[in-house]
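Take a look at the letters that make up each chain.
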Amino acid sequence: MIKLAPSILSADFARLLEDVKKVESAGCEYLHIDVMDGHFVPNITLGPGIVKSLRKDVNMVFDAHLMIENPNNYIKDFVDAGCDIIVVHQEACKHLHRTIQNIKSYGIKAGVSLNPATPIETIKHVIQDLDMVLIMTVNPGFGGQSFIESMIPKIKELKEFIDKNDLTVDIQVDGGIKPDNVAEVVKAGANVIVAGSAIFNSDDIPTTVELFRNNSNL
């Protein structure tokens, strides 16, 4: 069974809580919180203050995707804001193992994200400490991009490595995922699906969420 993680990047920030409550009511399990600093990626989004304000009224799993430089400096802030999972980028961490241990020291889940050009070999020696690996299926920074088809073999490779080593690690995918291609990534091994514009920009969010689930029920 997949878990759906609507990406806050595609929500209407003037009606943020209202939009988030819509996806919560539709049964989505995670809220994917895109944090961008304008340095690691060419965009700026939100900080822990907004996360904290949402936490009071939302019961979804808060999944913070830190697309920022020096993420270690901000982990406590996002933990204090109420995040349940913090995902950092392999490319942004000088000492990745130390950053993972920092996240887990707060009693929450830790994940690592890989950009499209970053091979899974870069995390094979720390994956046993992870709860989730996020495979970017677009280049990070902006919503509404097209899915990169060449990421399918990468997802399969990661799934095979996890199974071979008897690990319990979720595979999350983020970028260009829609009802018409979700089956492809789920078949490859993904089980946590980030979808931004496909869900938040839908005219009928509950129907779209149901379509995601039906199409991924392989």
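Residues numbered from 1 in each chain as written. Predicted model: local features only at pLDDT ≥ 70, side-chain atom pairs only at ≥ 80, totals over all residues. Heavy atoms only, no water.

The name that an unreviewed UniProt entry assigns to the chain is Ribulose-phosphate 3-epimerase, with the source organism given as Romboutsia weinsteinii. Taken verbatim from the UniProt record of the chain, the Pathway (unreviewed entry) comment is "Carbohydrate degradation." (UniProt positions renumbered as here; feature names shortened; annotations may be inferred.)

### Things to note about the pattern of salt bridges
Taken as a whole, this structure holds nine salt bridges when the rule is applied. Two residues, Asp12 and Arg15, come together in a salt bridge whose shortest N-O distance is 3.1 Å. We classify Arg15 as partly exposed; its relative accessible area is 47%. The partner of Arg55 in a salt bridge is Asp84, with the nearest N and O atoms 3.0 Å apart. Of this pair, Arg55 sits in helix α2 (residues 48-55) while Asp84 sits in the loop between α3 (75-81) and β4 (85-89); the two residues are 29 residues apart in sequence, bridging distant segments of the chain. (Salt bridge = Lys/Arg side-chain N within 4 Å of Asp/Glu carboxyl O. Buried < 20%, exposed > 50% of the residue type's maximum accessible area, 1.4 Å probe, protein only. Helix = DSSP H or I, 4+ residues; strand = E, 2+ residues; numbered from the N terminus.)

### Observations concerning helix α1 (residues 16-25)
For α1, the complete set of buried residues consists of Leu16, Asp19, Val20, Val23 and Glu24. Summarising the axial view, the buried residues of α1 lie within an arc of 140°, below the 170-degree limit, and thus occupy one face. At its buried positions, α1 is contacted by β1 (3-6), β2 (30-36), α2, α7 (197-200) and α8 (205-216). With its phi angle positive at about 100°, Gly27 sits one or two positions after the end of α1. (Arc of directions from axis to C-beta. Contact = heavy atoms within 4.5 Å.)

### Points about unusual backbone geometry
Notably, Asn70 is not glycine yet its phi reads approximately 50°, a positive angle. One can find Asn70 in the loop between β3 (61-67) and α3. Overall, the relative accessible area of 46% leaves Asn70 in the partly exposed class. The backbone of Asp166 sits at a positive phi, close to 55°, despite the residue not being glycine.

### Section: the sheet that holds strand β8 (residues 192-195)
Strand order in the open sheet formed by eight strands is β1-β8-β7-β6-β5-β4-β3-β2, with parallel pairing between adjacent strands. A single partner strand is all that each edge strand has here, and the edge strands are β1 and β2. Neighbour-to-neighbour, the strand axes of this sheet turn through a mean angle of 25°, independent of strand direction. Relative to strand β7 (residues 170-174), strand β6 (residues 132-136) runs parallel, the two being bridged by five bridges. By the bridge assignment, Ile135 is partnered in β7 with Val173. (Pairing = 2+ DSSP bridges. Axes fitted to C-alpha atoms, helices over the stretch in contact; angles between N-to-C directions.)

### Considering the packing of aromatic side chains
In the structure shown here, the tally under the stated rule is zero aromatic pairs. Lying across the ring of Phe62, Arg55 places its NZ or CZ 3.7 Å from the centre. (Phe/Tyr/Trp six-rings, centres within 6.5 Å; stacked < 30°, edge-to-face > 60°. Lys NZ or Arg CZ within 6 Å of the ring centre and 35° of its normal.)

### Describing the pairing of β8
The side-chain alternation of β8 yields two buried faces, one formed by Val192 and Val194 and the other by Ile193 and Ala195. Sheet topology note: the β7/β8 ladder contains three bridges and is parallel. Bridging from a neighbouring strand, Val173 pairs with Ile193 of β8. Crossover handedness for the path β7 to helix α6 (residues 182-188) to β8: right-handed. (Right-handed = clockwise from strand over helix to strand, strands pointing away.)

### Observations concerning the environment of Lys21
Checked against the element boundaries, Lys21 lands in helix α1. As for Lys21 and Val58, which are separated by 37 residues in sequence, their C-alpha atoms are 7.0 Å apart. Here Lys21 is in contact with Asp57 and Val58, once residues within four sequence places are set aside.

### Re the pairing of β3
Extensive coverage of β3 is indicated by the burial of six of its seven residues. Judged from the seven bridges that link them, β2 and β3 form a sheet pairing that is parallel. When the sheet's bridge partners are listed, Val35 is paired in β3 with Leu66. Note that the unit made of β2, α2 and β3 has a crossover that is right-handed. The β-α-β motif built from β3, the intervening α3 and the parallel element β4 has right-handed crossover chirality.

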